[in-house]
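Chain residues, written in single-letter form:
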Amino acid sequence: QVQLVESGGGLVQAGGSLRLSCAASGRTFSGYYMSWFRQASGNEREFVSGISWTSGSTSYADSVKGRFTISRDSAKNTVYLQMDSLKPEDTAVYYCAARGVAPLVISMWNQYTYWGQGTQVTVSS
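Remember, predicted model here, so these are calculated numbers, not experimental data.

What counts as what
Residues numbered from 1 in each chain as written. Predicted model: local features only at pLDDT ≥ 70, side-chain atom pairs only at ≥ 80, totals over all residues. Heavy atoms only, no water. Helix = DSSP H or I, 4+ residues; strand = E, 2+ residues; numbered from the N terminus. Rg over C-alpha atoms; globule rule 2.2 N^0.38 Å. Buried < 20%, exposed > 50% of the residue type's maximum accessible area, 1.4 Å probe, protein only. Contact = heavy atoms within 4.5 Å. Areas by Shrake-Rupley, 256 points an atom, 1.4 Å probe, with all protein chains shown as cover. Lys, Arg positive; Asp, Glu negative; His and termini not counted. Charge placed at Lys NZ, Arg CZ, Asp CG, Glu CD. Polar contact = N/O pair within 3.5 Å; in protein donor to acceptor, adjacent residues only side chain to side chain.

## Concerning the overall build of the chain
Consideration 1: The helix and strand tally for the chain stands at 0 helices and 11 strands.
Consideration 2: Relative to its length of 125 residues, the chain is compact, with a C-alpha radius of gyration of 13 Å against a globular reference of 14 Å.
Consideration 3: Referenced to the eigenvectors of the C-alpha coordinate spread, the extents of the chain come out at roughly 40 × 25 × 25 Å.
Consideration 4: With 125 residues in all, the chain has 41% of them scored as buried.
Consideration 5: In the chain, once contacts between residues fewer than 6 apart in sequence are set aside, the share between residues at least 24 apart is 57%.
Consideration 6: Of the accessible surface of the chain, which amounts to about 6,200 Å², a share of 47% is contributed by carbon and sulfur atoms.
Consideration 7: Each charge sign in the chain was given a centre, from 10 positive and 8 negative side chains, and these centres are 7 Å apart.

Right under this line is the structure:
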């Protein structure tokens, strides 16, 4: 059974940084596609960034390009999201998601099979 556990959220001032972690367990993740989504109160869940576990190729939402960096550590079975230059509009619950093969549309949340419980990120102005 695949399990995803996020950590690293918290309260930070605008312009600050946080690093989120997603610890994956339950199987080997070769070939998997891993993504971060976020959901602000009253809003739909939106794609933030994704990474191919095998190739390391990445994708970002326009709203976070140049500020966020996704990476993975295969030895630790962990995916990271480094968030720099944070803005109040980045405030949301951040979720880690996984799928056995790359989704046809990586930005669609309903394409993913496994989800973590989420971690809250709050950016104060």
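The rest of the description comes next.
## Quick notes on the environment of D90
Consideration 1: Note that D90 resides in the loop between β8 (78-83) and β9 (92-99).
Consideration 2: Sequence spacing of D90 and S74 is 16 residues, and the spatial spacing of their C-alpha atoms is 27 Å.
Consideration 3: Discounting chain neighbours no more than four positions away, the residues touching D90 are R38, R67, F68, S85, V121 and V123.
Consideration 4: A polar contact of 2.9 Å, which involves the side chain of D90, links it to the side chain of R38.
Consideration 5: Looking at D90, its side chain comes within polar contact range of the main-chain nitrogen of K87, at 2.8 Å.

Distances and angles like these do not, on their own, reveal function.
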